[in-house]
Amino acid sequence: AGPDFLIRGRVARQRALSCDFYDYFLKEDGSLCVVLGSVPGGDMSAALFMVAAQAAVKSQLRAALPLTEAVTAVNRQLFEIGRGLALHALVGVLDREGTFTCIDAGQPAPLLFRDQDRYEWLKAPEYAPLGQNENVVYQAQRITLRQGDRLFFHTEGLDSIPGADGQSFGRQELRAAL
């Protein structure tokens, strides 16, 4: 059967062109793939690169490769077509036993809620964004999730949203709000 999970997502659109996305889908083996990405810039070339990057990630993850091989293949593809653009991404797979395996390629660290009354930053190695350098060797982090655990993912844009006081919504404010 596998673990039950609930996914909620939201993209808040601003007036400017957004190059952020999230995606999730089930693989044939029943595992859940989660992708969160952002391409810096706000012009049409960044938006087109984002669409190509999202398709490349999804295609490689569906190819039944181990996560590190899939992300490495995406990195090489994006380096070839990027011309200076890069995808800041967090790519993860939740398997049927409840193990979440992820690679952080330039995204803010996710927050993990586990058996406590607050979220803590996940301590994962951060690698170069996808497409920035063709020779990156990505390593995956594994976390065993238990019933009731929660992961909160976000892009860098959340940190820059001004609060009621006009100050940017930073890391500590995010954790406190959760």
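All figures in this text were calculated on a predicted structure; none of them were measured in a lab.

**Student:** Requested: an account of the pattern of salt bridges, with residues and values cited.
**Tutor:** Under the defined criterion, the tally for this structure stands at two salt bridges. In this structure, D23 engages K58 in a salt bridge whose closest nitrogen and oxygen atoms are separated by 3.4 Å. On the criterion of sequence distance, the pair formed by D23 in strand 1 (residues 20–26) and K58 in helix 1 (residues 44–62) is long-range, its members being 35 residues apart. Residue class for D23 comes out buried when judged on its relative accessible area of 15%. Take K58: its relative accessible area is 27%, and that puts it in the partly exposed class.

**Student:** Go over the sheet that holds strand 7 (residues 141–144) with me, naming the residues and quoting the values.
**Tutor:** In a beta sheet, neighbouring strands are held together by backbone hydrogen bonds and run either parallel or antiparallel to one another. The sheet built from five strands is open, its strands ordered 1-2-3-4-7 with antiparallel pairing. Of all the strands in the sheet, the pair left with one neighbour each is strand 1 and strand 7. The average angle at which neighbouring strand axes cross in this sheet is 15 degrees, direction not considered. By the bridge criterion, five bridges tie strand 3 (residues 88–94) to strand 4 (residues 99–105) in an arrangement that is antiparallel. Bridge pairing in strand 4 links V93 to T101. Along the sheet, helix 1 makes contact with strand 1, strand 2 (32–38) and strand 3, crossing strand 1 at roughly 20 degrees. Across the sheet, helix 2 (residues 67–82) is in contact with strand 3 and strand 4; its angle to strand 4 comes to roughly 25 degrees.

**Student:** Describe in detail the pairing of strand 2, supporting the description with residues and values.
**Tutor:** When you tally the buried positions in strand 2, you get seven out of seven residues, the bulk of the element. Neither face of strand 2 is exposed, since L32, V34, L36 and S38 on one face and C33, V35 and G37 on the opposite face are all buried. Where strand 1 folds back on strand 2, the antiparallel hairpin that results is connected by five residues, among which G30 adopts a positive phi of roughly 90 degrees. With seven bridges connecting them, strand 2 and strand 3 associate as antiparallel partners. In the strand pairing of strand 3, L32 is matched with L94.

**Student:** Describe in detail the sheet that holds strand 8 (residues 150–152), supporting the description with residues and values.
**Tutor:** The three strands lie next to each other as 6-5-8, forming an open sheet whose pairing is antiparallel. Of all the strands in the sheet, the pair left with one neighbour each is strand 6 (119–121) and strand 8. The sheet shows a mean angle of 30 degrees between the axes of neighbouring strands, taken without regard to direction.

**Student:** Explain the packing of helix 1 against helix 2 to me, using residue names and the numbers behind them.
**Tutor:** Contact pair helix 1 / helix 2: the axes reach a minimum separation of 9 Å and the direction vectors enclose 150 degrees. Judged by the inter-axis angle, helix 1 sits roughly antiparallel to helix 2. Where helix 1 crosses over helix 2, the two elements pack in a sense that is right-handed. Across the interface between the two elements, F49, A52, A53, A56, V57, Q60 and L61 of helix 1 pack against L67, A70, A73, V74, Q77, L78, I81 and G82 of helix 2. A class-by-class count of the residues in the contact of helix 1 with helix 2 yields twelve nonpolar, three polar and no charged.

**Student:** Give me the nonpolar core: which residues, what numbers.
**Tutor:** Residues L61, L87, V91, L130 and Y138 are the most contacted members of the largest nonpolar core, which totals 29 residues. For this core, the elements supplying multiple residues, two or more each, are strand 1, strand 2, helix 1, helix 2, strand 3 and strand 4. If you tally residues by element for this core, the top one is helix 1, at eight residues. Apart from the residues within four sequence positions on either side, L130 is in contact with V71, V74, N75, L78, A86, L87, A89, A105 and Y138. One finds A109, L111, F113 and W121 within the second-largest nonpolar core, a separate group that totals six residues.

So, how was this worked out
Residues numbered from 1 in each chain as written. Predicted model: local features only at pLDDT ≥ 70, side-chain atom pairs only at ≥ 80, totals over all residues. Heavy atoms only, no water. Salt bridge = Lys/Arg side-chain N within 4 Å of Asp/Glu carboxyl O. Helix = DSSP H or I, 4+ residues; strand = E, 2+ residues; numbered from the N terminus. Buried < 20%, exposed > 50% of the residue type's maximum accessible area, 1.4 Å probe, protein only. Pairing = 2+ DSSP bridges. Axes fitted to C-alpha atoms, helices over the stretch in contact; angles between N-to-C directions. Contact = heavy atoms within 4.5 Å. Parallel < 35°, antiparallel > 145°, perpendicular 65-115°, else oblique. Left-handed = near helix turned anticlockwise from the far one by under 90°. Nonpolar A, V, L, I, M, F, W, Y, C, P; charged D, E, K, R; others polar. Core = buried A, V, L, I, M, F, W, Y, C linked by side-chain atoms within 4.5 Å.

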